[in-house]
Amino acid sequence: MTTQNFLGKENYNISSETVSESCPSNIALIKYWGKYKDQIPANPSISYTLNHCKTNTTVEFFANEPFSVQTFLAGNEEHKFAEKIEKYFRSIEQYLPWILKGKYIIKTENTFPHSSGIASSASGFGAIAKCLISLDETFSGKTSEEESLKKASFLARLGSGSACRSLYNGLVVWGESDEVEGSSDLFAVKFSDGEIHSVFKNFNDWVLLIHEGVKSVSSTVGHGLMNTNPYAERRFQEARENFVPMKEILKSGDMNAFIKLVEHEALTLHAMMMMSDPAFILMKTGTLEVISKIWDFRRETSLPLFFTLDAGANVHLLFPNDGSEDKIKTFIESELLQHTQKNGVVKDVMKF
Ligand code: PMV
């Protein structure tokens, strides 16, 4: 597939500007793991956009200065991040012809702990992409809100794939799926709120920080390992197929089927890493202890507490605000928190 250049504009007037934008993180239910050239996902994915975990970014653009990027994270200068952004800006010049024609000072801060392993690349690239679209529209004219978000999602994808889903709230799909009208490999689309049962519109995501600090494998390396994984094609096919039950579940409100599917997706992602060469085990002892306790708790109480995982050891605890949440919260505090490194938990919610 060729990448369509829908951002290309010929007439623009650049000037020094400062723009600020905010973007939340997201957590995938059907996972994206494996990609092709130009950040084309090997399978479609669907995620919840979080409400509280966000990145706030200010971009100061100094027009007609030699191209350079300086970045600050929570007030501290970050050279590695600046290198990453510089490379990213160079890679998107074909879409934003003005992008290398100035100097940047980028100040960014997360509303969640940096070491938590919560996808700061998703909210981070989402916020930067929004800033770039805001600058682009200042230089070459405004488009509709819908068009701006689509362009920001397209640009965010080129920074970090999963970031493209953070531009919309609620449930968001990225990657072509026969089950989702308008879905694309190039940008994310909102999964229609009208097709979602109310029980899935008010959900908690409490992230247990089992292991704080740098992950043992970066997502770039992780995606790359899928290229040689003998099970990869079957996995991509399964993710595509999982959109069929997912769509039905979201409509009907079948919580048990939702739990089974979401946990299966998380465990599959980790299984793929275990079957890679070299192999990686991303879970820690605490991860397994928490999963085992969640399964016991569900067997004993039938309450809807379940988990998903990113490519790391931390556990995203998912549970609806359906009247059962007080008992679940008490259980988390008394039984699960002890498996974190420093009593670390980030409490977020998905409400739409
Ligand atoms: O966007 P990336 O390249 O950091 O990949 C993220 C992949 C997962 O978070 C593990 C799954 C997903 O779909 O978000």
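Residues numbered from 1 in each chain as written. Predicted model: local features only at pLDDT ≥ 70, side-chain atom pairs only at ≥ 80, totals over all residues. Heavy atoms only, no water.

Undergrad: Honestly, a nonpolar patch on the surface in this entry has me stumped. Any pointers?
TA: A cluster of nonpolar side chains, Tyr231, Met274, Met275 and Ile281, forms an exposed patch at the surface whose accessible area comes to about 420 Å². Note on placement: methionine 275 falls in the loop between helix H6 (255–274) and helix H7 (285–301). Given a relative accessible area of 37%, methionine 275 falls into the partly exposed group. (Patch = residues over 30% accessible without salt bridge, like charges linked within 9 Å, V, L, I, M, F, W, Y side chains within 5 Å. Areas by Shrake-Rupley, 256 points an atom, 1.4 Å probe, with all protein chains shown as cover. Salt bridge = Lys/Arg side-chain N within 4 Å of Asp/Glu carboxyl O. Helix = DSSP H or I, 4+ residues; strand = E, 2+ residues; numbered from the N terminus. Buried < 20%, exposed > 50% of the residue type's maximum accessible area, 1.4 Å probe, protein only.)

Undergrad: What exactly am I supposed to notice about the pattern of salt bridges here?
TA: It is possible for side chains bearing opposite charge to pair when their charged atoms get close. Applying the stated criterion across every chain, the model contains 15 salt bridges. Between glutamate 137 and lysine 151 there is a salt bridge, with the nearest N and O atoms lying 3.3 Å from each other. On the criterion of sequence distance, the pair formed by glutamate 137 in helix H2 (residues 120–140) and lysine 151 in helix H3 (residues 145–159) is long-range, its members being 14 residues apart. The pair glutamate 137 / lysine 151 is uniform in exposure class, with both members buried. Salt-bridge contacts for lysine 347 lead to glutamate 333; the nearest nitrogen and oxygen are separated by 3.2 Å. With lysine 347 in strand E13 (residues 345–351) and glutamate 333 in helix H8 (residues 325–336), this pair connects stretches of sequence that are 14 residues apart. Under the relative-accessibility criterion, lysine 347 is labelled partly exposed at 41%. Classification of glutamate 333 by relative accessible area gives partly exposed; the value is 38%. Put simply, Glu137, Lys142 and Lys151 are held in one network by salt bridges that share partners.

Undergrad: Teacher, can you tell me more about the site of the ligand here?
TA: In the vicinity of the ligand lie 13 residues, with Tyr32, Ser162, Arg165, Ser219 and His223 positioned nearest. In the environment of the ligand, an oxygen atom lies 2.9 Å from a nitrogen or oxygen atom belonging to the backbone of tyrosine 32. Contacts to the ligand include serine 160, whose side-chain N or O atom sits 3.0 Å from an oxygen atom. Notes on the ligand: free accessible area 380 Å², of which the protein chains cover 91%. Within the shell around the ligand, the residues separate by chemical class into 5 nonpolar, 5 polar and 3 charged. Taken domain by domain, the shell around the ligand gets at least three of its residues from each of domain 1 (17–195) and domain 2 (198–349). (Near = heavy atom within 4 Å. Polar contact = N/O pair within 3.5 Å; in protein donor to acceptor, adjacent residues only side chain to side chain. Nonpolar A, V, L, I, M, F, W, Y, C, P; charged D, E, K, R; others polar. Domains from an automatic or database assignment.)

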